[in-house]
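# Descriptive structure summary
So the chains spell out like this:
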Amino acid sequence: MEFQEKMMRKAIALSLENIKKGGGPFGAVIVKDGKIIATGVNRVTSNNDPTAHAEITAIRKAAGKLKNFDLSGCEIYTSCEPCPMCLGAIYWAHLDKMYFANTKADAQNAGFDDSFIYEEINLKPEDRKLKSQQLLREEALAAFETWKNTTNKTEY
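Below: a short report on this structure. (Residues numbered from 1 in each chain as written. Predicted model: local features only at pLDDT ≥ 70, side-chain atom pairs only at ≥ 80, totals over all residues. Heavy atoms only, no water.)

### A closer look at helix H3 (residues 54-66)
What counts is decided by this rule: Under the scheme used here, helices are H or I runs from DSSP no shorter than 4 residues and strands are E runs no shorter than 2 residues, and both carry numbers assigned from the N terminus. Residue count minus one, scaled by 1.5 Å, sets the expected span of a helix. Exposure is judged per residue with a 1.4 Å probe applied to protein chains only, and the accessible area is read against the type maximum: over 50% gives exposed, under 20% gives buried, and values in between give partly exposed. Contacts are residue-level and defined by heavy atoms, with any inter-residue pair within 4.5 Å sufficient.
In this model H3 runs 18 Å from its N-terminal to its C-terminal C-alpha over 13 residues, within 8% of the 18 Å that 1.5 Å per residue would give. Among all positions of H3, only Ala54, Glu55, Ile56, Thr57, Ala58, Ile59 and Ala62 are buried. Elements in contact with the buried residues of H3: strand S1 (27-32), strand S2 (35-41), strand S3 (74-80) and helix H4 (84-92). Immediately beyond the C-terminal end of H3, within one or two residues, lies lysine 67, with a positive phi of roughly 55 degrees.

### Digging into the environment of leucine 71
Structurally, leucine 71 is set in the loop between H3 and S3. Owing to a relative accessible area of 0%, leucine 71 belongs among the buried residues under this scheme. Taking the C-alpha atoms as reference, leucine 71 lies 33 Å from glutamine 134; in sequence the two are 63 residues apart.

### Side note on the pattern of salt bridges
What counts is decided by this rule: Any carboxyl oxygen of Asp or Glu within 4 Å of a side-chain nitrogen of Lys or Arg constitutes a salt bridge here.
Inspection of the entire model under this criterion finds four salt bridges. Taking the shortest distance from any N to any O, the salt bridge between lysine 148 and glutamate 145 comes out at 3.0 Å. Within this pair, lysine 148 and its partner glutamate 145 are both found in helix H7 (residues 137-149), separated by three residues, close to a single helical turn. For lysine 148, a relative accessible area of 55% translates into the label exposed. The partly exposed category is assigned to glutamate 145, whose relative accessible area is 39%.

Just geometry here; none of it tells us what the structure is for.
Here is the structure:
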């Protein structure tokens, strides 16, 4: 547990350092075989990128460093329980384990409330606050049919 706590303290330190640089209070560390592969901080406002959360930033760096989109064998330490986007990215990256410090309730109390997204996910598209309309499904299915019939694809 000593190693895990050391890595979490690193994620927390990154979150605190990022505040001093004008960023959000989030930090993440990705570890493989006991070594730090990548770190990330919240870069939403500095990069004008709403997807530049600490976990996403760390995943992008780790995948680039390892030259692989599959981060199996890696663990992520994040200063806060991930938002829905980051949690999805963690699953897509196939990270083996996630450790987090603050909870989503702690984040909500600090002004970062993702509860509406969790609620929206459970709704039918037509019932969501984001107006949605399906178009050209039949035409778009051609891409999935082509994908299913492609033999030299890299599955992910």
